[in-house]
Amino acid sequence: MKSYAFRKFKDKLFFFLSLGCVLVALAPLASILLEVIVRGAPQLSIQFLTQPAGVIGSSAGGVGPAIEGTLILIALTSLIGIPLGIMSGIYLAEYGNNKYATLMRMFNNVLTEFPSIVVGLTVFIVVVLSIGHFSPIAGAIALSFILIPVVARTTEESLKLVPNSVREASLALGVNRWRTILSVVLPSAKGGLVTGTLLAVARIAGETAPLIMTVLGNQNFFQGFSQPMDALPLRIWRDALLPYPEFQAQGWGAALILILIVLGINIGVRWVSTRLGG
Amino acid sequence: MNQNKSADNVFKILVAVLAASALIILLITGYTLLSGSLPVLERFGLSFFTGTQWNPVEGREVFGALPYLLGTLVTSAIALLIGVPLSLGIAIFLVEMAPRAVRVPVSYFVDILAAVPSVIYGLWGLFVLRYWLVDYIETPLSTYLGWIPVFSGTPYGLDVFTAGVILAIMIIPTISSVSREVIKAVPNSIREGAYSIGATRWEVIRNWVLSYGKSGLFGAVILGLGRAIGETMAVTMVIGNTVGPAAIPTSLFKGSQTMSSLIANGFLEATPASLELPAYIGVGLLLLLLSLSINVLAEIMVSRVLKVKGGAVE
């Protein structure tokens, strides 16, 4: 039997090791935020936010088309993905006590962890090759493949938190089951539903890999649904790999905007939901 | 009344069909990638998976996916070696040790770490982490241990090691949050029993809590592995992107390529009518199969453990 003092020492040692793990893991987050702010903030100006990319050698120009493209993608993807995800989640929560639902739930979870580049490849073959050109629609389809399972899961989880008495009260009043779900259960689960959906949208706003082979990227503003389009993550990727400092600097500026959008949604949503829930 | 019933049925069937969206997407993906890569699979057969050459020149084309498969496996293994101990440390700290005032903000920051887009990890890896790793880790290791093959080569920062470190950072939120759930699911009676026979906190964690949650923790690790394998942008930006036999990850300080980075880099330059496009799709298929089998495994392990929680604790 080892001495008590030694065991006590080991206990302390592992406490500090665990604390160390936390510090080591959070250091990159601090560094990323710091670098993005320090290198990106000097780029910010009205011109940077509204102008298309400049020519090589000049620091004029901006990421206007990329911001516009990301907003268009977010809107289109939400339009396709959110209704499908919510409907799918309704089944899993309200009718989901059977083998079929268990299986669908598993596929849903598997799709959540899917490599996004594989989704890009698929949509490239199915959509881009068959319509013959890169398109914002193809990008939105690829992103909604990523959005649907996340929204479905979050819908299921929020609906399950609604007490059964709410459903029973509505059914007892003679309301149909489908009306009960849509006008009573869904509104009661609003808080969790909105939070989860916004977090999912924030996640797809930063996706890059599926966009490479669906919207491609563009120097200009939106040119219609049959033309390639720019997006912030694509702009960051392209700018970072160019050997020109002024473009790399623009990449950091674009990263700052993207991180403001993504973390803004994240922090905002969490803040509001703890306020309302707490 | 009858009309009501049928409206209910229509709604139920509608949502039941939509609940299959994930399955339908998976089926479309599988079918598309399989049929898209068929020309290459027919032409090269098994050698597509075991070959190391990648030559798209017409008439002399030969495609082998082995180096990129190895690249994916090696970078993911490095990510696990670094990421798993850190994630378990975080999970243990948050569940077993930290007071509430520390636990809440730390879990919050770990969640934020998961929300940072992958391309920003790549940007940071390319311009910040890379130089840091070269100066403080790669150069000392290669100077003093350069005679060991895995540490050979000139540290440049765009290599297997940097890719592994970036992946480790990216999978920490996944592994630590699932482990946290698993550790939380260990019944308190187990802890109380162990404390009552005089175990210290660390002994309780190591001998009881961790061993009770073993299979769930294993599932968490597998889930992290699945994420590392599919990750694209951050790796693409720091791995050096070599092609062909040069991409075989023989040393930590050497450029390589993963399956996903190969596709992200080369796909757009592929000549449409050639065999090169099917070759990239074939690599995508391989990536799909690998990720699918890992995620199904993780899914089964984690859900089994957290289901026990639902029945036994609550």
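Basis of the calculations
- Residues numbered from 1 in each chain as written.
- Chains lettered and ligands numbered in written order.
- Predicted model: local features only at pLDDT ≥ 70, side-chain atom pairs only at ≥ 80, totals over all residues.
- Helix = DSSP H or I, 4+ residues; strand = E, 2+ residues; numbered from the N terminus.
- Rg over C-alpha atoms; globule rule 2.2 N^0.38 Å.
- Buried ≥ 20, exposed ≤ 12 C-beta atoms within 10 Å, placed from the backbone.
- Contact = placed C-beta atoms within 7 Å.
- pLDDT = per-residue confidence, 0-100.
- Expected span 1.5 Å × (residues − 1).
- Bend = angle between axes of the 7 residues up to and from the residue.
- Axes fitted to C-alpha atoms, helices over the stretch in contact; angles between N-to-C directions.
- Parallel < 35°, antiparallel > 145°, perpendicular 65-115°, else oblique.
- Nonpolar A, V, L, I, M, F, W, Y, C, P; charged D, E, K, R; others polar.
- Core = buried A, V, L, I, M, F, W, Y, C linked by C-beta atoms within 7 Å.

### A look at the overall build of chain A
At step 1: The number of helices and strands found in chain A is 12 helices and zero strands.
At step 2: Listed by position from the N terminus, the elements making up chain A come as α-α-α-α-α-α-α-α-α-α-α-α.
At step 3: For a compact globule of 278 residues, the expected C-alpha radius of gyration is about 19 Å, and chain A comes in at 23 Å, more than 25% above that figure.
At step 4: In terms of principal-axis extent, the alpha carbons of chain A reach across some 70 × 70 × 35 Å.
At step 5: Evaluated residue by residue, chain A yields a buried proportion of 48% over its 278 residues.
At step 6: Counted over contacts in chain A with a minimum sequence separation of 6, partners at least 24 positions apart contribute 74%.

### A word on the interface of chain A and chain B
At step 1: Listed per partner, the contact involves 68 residues of chain A and 69 residues of chain B.
At step 2: It is helix α1 (residues 4-40) of chain A that provides the largest number of residues to the side of chain A that touches chain B, a total of 20 residues.

### Some remarks on the confidence of the model for chain B
Residues and elements named next belong to chain B.
At step 1: Per-residue pLDDT for chain B averages 91, and the proportion of residues at 70 or more is 96%.
At step 2: Here residues 309-314 is modelled with pLDDT under 50, and outside its nearest four sequence neighbours on either side it reaches four contacts, counting other chains as well.
At step 3: Complex prediction metrics read pTM 0.93 and ipTM 0.94.

### Looking at helix α3 (residues 64-94) of chain A
At step 1: Given a rise of 1.5 Å per residue, 31 residues ought to cover 45 Å, and the 44 Å separating the end C-alpha atoms of α3(A) matches this to within 8%.
At step 2: At S78(A), α3(A) shows its strongest bend, of approximately 35°.

### Focus on the packing of helix α5 (residues 116-131) of chain A against helix α2 (residues 21-44) of chain B
At step 1: Where α5(A) meets α2(B), the closest approach of the two axes is 9 Å, and the angle between their N-to-C directions is 70°. By the criterion of interaxial angle, the relationship of α5(A) to α2(B) is roughly perpendicular. Within the contact between the two elements, α5(A) uses V118(A), L121(A), T122(A), I125(A) and V126(A) and α2(B) uses I28(B), T29(B), T32(B), L33(B) and G36(B).

### What to know about the environment of V209(B)
All names here are of chain B.
At step 1: Along the chain, V209 turns up in helix α9 (residues 201-212).
At step 2: Expressed as a C-alpha distance, the spacing of V209 and R191, which sit 18 residues apart in the sequence, is 7.2 Å.
At step 3: Excluding residues that lie within four positions of it along the chain, V209 makes contacts with I183, V186, R191 and V204.

### Focus: the packing of α1(A) against α9(B)
At step 1: As a packed pair, α1(A) and α9(B) sit with axes 7 Å apart at the nearest point and diverge in direction by 75°. With respect to α9(B), the element α1(A) is oriented roughly perpendicular. Contacts between α1(A) and α9(B) involve R7(A), K10(A), D11(A) and F14(A) from the former and R201(B), W202(B) and E203(B) from the latter.
At step 2: Of the residues contributing to the contact of α1(A) with α9(B), the split by class is two nonpolar, no polar and five charged.

### Some thoughts on unusual backbone geometry
At step 1: Positioned with a positive phi, L216(A) is a non-glycine residue whose angle comes to about 70°.
At step 2: The residue L216(A) is located in the loop between α10 (209-212) and α11 (232-241) in this model.
At step 3: Residue classification places L216(A) among the buried positions, given that 20 C-beta atoms sit within 10 Å.
At step 4: Positive phi is not limited to glycine here, since N241(B) has a value of about 50°.
At step 5: The topology assignment puts N241(B) in the loop between α11 (233-238) and α12 (259-266).
At step 6: Classification of N241(B) as buried rests on a count of 20 C-beta atoms within 10 Å.

### Here's the deal with the nonpolar core
At step 1: By size, the foremost hydrophobic cluster in this structure holds 179 residues, and its most contacted members are A255(A), L258(A), I120(B), I166(B) and V283(B).
At step 2: By residue number, the principal contributor to this core is helix α13 (residues 276-312) of chain B, which donates 16 residues.
At step 3: Setting aside residues no more than four positions away along its own chain, A255(A) makes contact with V36(A), G40(A), I236(A), I120(B) and L123(B).

### A closer look at the environment of A114(B)
Residue and element names in this part refer to chain B.
At step 1: Among the secondary structure elements, A114 is positioned in helix α5 (residues 100-115).
At step 2: For A114, a count of 16 C-beta atoms within 10 Å translates into the label partly exposed.
At step 3: Spatially, the C-alpha atoms of A114 and M170 are 6.9 Å apart, while their sequence positions differ by 56 residues.
At step 4: The residues contacting A114, other than those within four sequence positions of it, are P173 and T174.

### Brief notes about the environment of M97(B)
At step 1: Residue position: M97(B) is located in helix α4 (residues 66-97).
At step 2: Between the alpha carbons of M97(B) and V57(B) there is a distance of 60 Å; along the sequence they are 40 residues apart.
At step 3: Beyond its immediate chain neighbours, meaning those up to four positions away, M97(B) contacts F15(A), S18(A) and I92(B).

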